[in-house]
Amino acid sequence: QGHEVQQNCPLGNKYAATVAGMVATEVEMELRYAAPLAPADLRERWIDQKYVAAEEAENGEHVIQMDEDLALRGNAEAQRRMAYRRLMGRGIDADPEGAYHDFQAAAAGGDPYAIFNLGYMYLRGLYVAKNDTRAKEQ
């Protein structure tokens, strides 16, 4: 019960819902939120022989070999993934020139994310000369 206030659950819920909505809107506008981490028992994770870390699952040698094979066969999505790996040095050595050429191949294959990444490379001057006009064209 509140201080000198009658107990009234429906009215309290109404006020709580109003305040929760205002707080949620404010948090979203200011981007002050972070997704909660999934609970994990680390002891069990490291004991499990089949456990694969997220970085290894995404950039492991077998995944890179498969993506390289698909990219050589003309798969635009695989070309874009390989380009990103080359640009960021994830699982393979960083190679901005190779990334640029892979993004071009993927963009020619119609991959929208590759087109965006080419524009980003022009916007930031990664491997290519910084060129805002060319970035907008991508």
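Attention in this report is confined to the structure presented alongside it. The model shown is predicted, which means the values in this text are computed figures rather than measured ones. (Residues numbered from 1 in each chain as written. Predicted model: local features only at pLDDT ≥ 70, side-chain atom pairs only at ≥ 80, totals over all residues. Heavy atoms only, no water.)

### So, the side chain of Q79
Piece 1. Position of Q79 among the secondary structure elements: in helix 5 (residues 76–88).
Piece 2. Beyond its immediate stretch of four places on either side in the chain, Q79 contacts A71, G74, D102, A105 and A106. (Helix = DSSP H or I, 4+ residues; strand = E, 2+ residues; numbered from the N terminus. Contact = heavy atoms within 4.5 Å.)

### Topic: helix 6 (residues 96–108)
Piece 1. Spanning 13 residues, helix 6 covers 18 Å between terminal C-alpha atoms, matching the ideal 18 Å at 1.5 Å per step.
Piece 2. Of the positions making up helix 6, those classed as buried are G98, A99, Y100, D102, F103, A106 and A107.
Piece 3. In the core, the buried residues of helix 6 are packed alongside helix 5 and helix 7 (112–124).
Piece 4. One or two positions beyond helix 6, positive phi appears at G110, with a value near 90°. (Expected span 1.5 Å × (residues − 1). Buried < 20%, exposed > 50% of the residue type's maximum accessible area, 1.4 Å probe, protein only.)

### Re the packing of aromatic side chains
Piece 1. Evaluation of the coordinates by the stated rule reveals two aromatic pairs.
Piece 2. Their ring planes at 45° and their centres at 5.5 Å tell us that Y100 and Y127 sit as a pair that is tilted. Placement of Y100 in helix 6 and of Y127 in the loop between helix 7 and helix 8 (132–137) is noted, with a sequence separation of 27 residues between them.
Piece 3. When its relative accessible area of 9% is taken as the criterion, Y100 is described as buried.
Piece 4. Overall, Y127 belongs to the partly exposed group, its relative accessible area being 42%. (Phe/Tyr/Trp six-rings, centres within 6.5 Å; stacked < 30°, edge-to-face > 60°.)

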